[in-house]
Amino acid sequence: MAMSTPAALDRNRYKPNPSVLTALKSPRILTREVLAGLVVALALIPEAISFSIIAGVDPRVGLFSSFVMAVSIAFLGGRPAMITAATGAIALVIAPVARDYGLDYFIATVLLAGLIQILLAIFGVAKLMRFIPRSVMVGFVNSLAILIFIAQLPHLLGVPWLVYPLVAIGLVIMVAMPRITKVIPAPLVSILVVTAVVVIFAINVPTVADQGELPRSLPELFFPNVPLNFETLGIIAPYALAMALVGLMESLMTAKLVDDITDTHSNKTRESWAQGAANILSGFFGGMGGCAMIGQTMINVKASGARTRISTFLAGVFLLILIVSLGDIVGLIPMAALVAVMVMVSVATFDWHSIRISTLKRMPKSETFVMVSTVAVVVATHNLAVGVIVGVFVASVLFVRRVAHFVSVDREVTEYFGVATAHYTVTGELFFASSNELTTLFEYSQDPDRIVIDMTLSHIWDASTVAALDAIVTKYEQRGKTVELIGMNTVTTSLHSRLSGGLGAGH
């Protein structure tokens, strides 16, 4: 029987389902993908404009960035159906560059961030995703849902009262529509109906046109006019590094979330370098860069049911067509229609099961604490990357604390060939947290002259444990007693023999 090579296994693992070719042959799937792309494009417009304002640049910078990144990631990305465009997190990180140094330095920062992301992909940063615990992932999802809802509040507070019934109409349509048919995405129907009501009855409510002026021309190549020296690098490098890390973290977390929703695998390493390439392309067309857009991805995957790169590609194409050719028509869309879509996405994204009383009773308190910590930090900082880092740190500390208590030392005094011997059995994983108190678990004064320490049921993981064992042996030798270490496995023996005696063990 022929053996599959690792490359073939990878191809099968990351094989999209359905594929682009399958979607093109199926009118039903293709219709779903096309309409999903249109819905995402409509939702991208006000978001890209608002993110441009946050970054302190012209709205066209965010809009063109969203177009370039969506189209390029459709070909390059490792996660089909994920939407990449200008985002609020990236806008917040690099806004000081535009404010303090101008647009040329701003674009240079985007280009450098893209290069850093490609380098990080080469060095395997995507593999770090395996260290993110489930409790952090649940916190990430829940905080994402909260942030999406919070982002809608400016469009719901201090607005004409007619906005509220319009939002309600949109929500009712999105709840009821899937029960009637799933051929046409419910968010698209909602947007069209709410817009029609506003136009027909001439209702005066905030619209997309009120968010900022839409561009009238196609994006052009842009080369930042900055000096190529270390002074420029010193200015843009810190912001570029922060942008690269935040962008990769949000993109990889979003890719993992889509994996879970669609029960498919994605190539995280490919997604990492593709994000960098998309940022570089965005910069060369005068865009502000970005990363995976979690809200729009949820619209695409969860609300509209898209599964292929076609929806991502068409989201970018439709975006360009809408803002350049149909800007006046798009400007008529009431913000209430888009707010209703995002509120629905928020509700659908939140993991309601995680906060049920029955779930909280069953779940270990440490897991719940990690989830709540992640949510609290994200909501407080409005930065998903910071929340994930804090969540992983808290989870790590709690894990180390829990594992440290699983170490035990059992003592038995027996006679071997007439010689009194203290036999210690060490059980558990020995590392810096669990080995610090190891030296206090031995009876140095009361023990006979011969001591045997059995390591069969334990494993040494670091230099701290070797130093602790050296300290134990030294304490016995100072009292004229002999110590024998037995039962070490191969890895433990190798580490101990390499480090023992060279760590300056305390007396």
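Here is what the cut-offs are and how they apply
- Residues numbered from 1 in each chain as written.
- Predicted model: local features only at pLDDT ≥ 70, side-chain atom pairs only at ≥ 80, totals over all residues.
- Heavy atoms only, no water.
- Buried < 20%, exposed > 50% of the residue type's maximum accessible area, 1.4 Å probe, protein only.
- Helix = DSSP H or I, 4+ residues; strand = E, 2+ residues; numbered from the N terminus.
- Pairing = 2+ DSSP bridges.
- Axes fitted to C-alpha atoms, helices over the stretch in contact; angles between N-to-C directions.
- Parallel < 35°, antiparallel > 145°, perpendicular 65-115°, else oblique.
- Left-handed = near helix turned anticlockwise from the far one by under 90°.
- Contact = heavy atoms within 4.5 Å.
- Phe/Tyr/Trp six-rings, centres within 6.5 Å; stacked < 30°, edge-to-face > 60°.
- Lys NZ or Arg CZ within 6 Å of the ring centre and 35° of its normal.
- 1 Å grid on protein atoms, 1.4 Å probe; cavity = no way out; pocket = protein on both sides within 12 Å on 5 of 7 lines; lining within 4 Å.
- Points joined across faces, edges and corners; volume = space filled by probe spheres on them.
- Nonpolar A, V, L, I, M, F, W, Y, C, P; charged D, E, K, R; others polar.

A word on the pairing of strand β5 (residues 450-454)
Part 1 of the reasoning: The buried count for β5 comes to four of five residues, which makes it a mostly enclosed element.
Part 2 of the reasoning: Where strand β4 (residues 419-430) and β5 come together, five bridges link them in parallel fashion. Each bridged residue has a counterpart across the sheet, and for histidine 423 the counterpart in β5 is valine 452.
Part 3 of the reasoning: Sheet topology note: the β5/strand β7 (residues 482-486) ladder contains five bridges and is parallel. Bridge pairing in β7 links valine 452 to glutamate 484.

Comments concerning the packing of helix α9 (residues 186-200) against helix α15 (residues 335-349)
Part 1 of the reasoning: At a closest axis distance of 8 Å, the pairing of α9 and α15 adopts a crossing angle of 155°. Here α9 is positioned roughly antiparallel relative to α15, judged by the angle of their axes. Both α9 and α15 take part in a crossing whose hand is right-handed. Where α9 abuts α15, its residues Pro187, Ile191 and Val194 lie against Ala337, Leu338 and Val341.

Overview of the packing of aromatic side chains
The description of an aromatic ring pair rests on the distance of the ring centres and on the angle between the ring planes.
Part 1 of the reasoning: Applying the stated rule across the entire model yields nine aromatic pairs.
Part 2 of the reasoning: When the centroid spacing of 6.4 Å and the interplanar angle of 35° are considered together, the rings of phenylalanine 442 and tyrosine 444 count as tilted. Of the two residues, phenylalanine 442 and tyrosine 444, neither departs from the other in class, the shared state being buried.
Part 3 of the reasoning: Plain terms: the ring middles of phenylalanine 442 and tyrosine 476 are 6.5 Å apart, the flat faces sit at 85° to each other, and that makes the pair edge-to-face. Of this pair, phenylalanine 442 sits in the loop between α19 (432-435) and β5 while tyrosine 476 sits in helix α20 (residues 463-478), placing them 34 residues apart in sequence. Here phenylalanine 442 matches tyrosine 476 in class, with each residue buried.
Part 4 of the reasoning: Through pairs of rings, three or more aromatic residues link up here, namely Tyr424, Phe442, Tyr444 and Tyr476.
Part 5 of the reasoning: Over the ring of tyrosine 444 we find lysine 475; its NZ or CZ atom is 5.7 Å from the centre of that ring.

Let's talk about the environment of histidine 496
Part 1 of the reasoning: Along the chain, histidine 496 falls in helix α21 (residues 490-499).
Part 2 of the reasoning: A relative accessible area of 13% places histidine 496 in the buried class.
Part 3 of the reasoning: The spacing of histidine 496 and arginine 270 is 226 residues in sequence and 40 Å in space, taken between C-alpha atoms.
Part 4 of the reasoning: Ignoring any residue separated from it by four or fewer positions in sequence, one finds histidine 496 in contact with Val466, Leu469, Asp470, Leu485 and Met488.

Observations regarding the layout of surface pockets
Part 1 of the reasoning: Each pocket or cavity is described by its volume, and for the largest pocket that value is around 780 Å³.
Part 2 of the reasoning: Glu47, Phe51, Gly88, Leu147 and Ala151 are, among the 33 residues lining the largest pocket, the residues nearest its centre.
Part 3 of the reasoning: Among the elements of the structure, α3 (27-55), α5 (88-101), α7 (134-152), α12 (294-303) and α15 are those that each provide at least two residues to the lining of the largest pocket.
Part 4 of the reasoning: Here the residues of the lining of the largest pocket sort into 21 nonpolar, 10 polar and two charged.
Part 5 of the reasoning: If you add up the space inside the second largest pocket, you get close to 400 Å³.
Part 6 of the reasoning: Elements represented by at least two residues in the lining of the second largest pocket include exactly α8 (163-180), α9, α12 and α15.
Part 7 of the reasoning: Broken down by element, the residue count for the lining of the second largest pocket peaks at five residues, all from α15.
Part 8 of the reasoning: Broken down by class, the residue content of the lining of the second largest pocket amounts to 13 nonpolar, three polar and three charged.

Topic: empty space enclosed by the protein
Part 1 of the reasoning: Scanning the entire structure with this criterion turns up two cavities of 30 Å³ or more.
Part 2 of the reasoning: A volume near 60 Å³ is recorded for the largest cavity.
Part 3 of the reasoning: Lining the largest cavity we find 10 residues, and of these Pro16, Asn17, Arg79, Pro80 and Thr264 sit closest to its centre.
Part 4 of the reasoning: Looking at side-chain class alone, the lining of the largest cavity contains three nonpolar, four polar and three charged residues.
Part 5 of the reasoning: A volume near 50 Å³ is recorded for the second largest cavity.
Part 6 of the reasoning: Secondary structure elements with two or more residues in the lining of the second largest cavity: α4 (59-76) and α13 (309-324).
Part 7 of the reasoning: Grouping the constituent residues of the lining of the second largest cavity by class yields five nonpolar, three polar and three charged.

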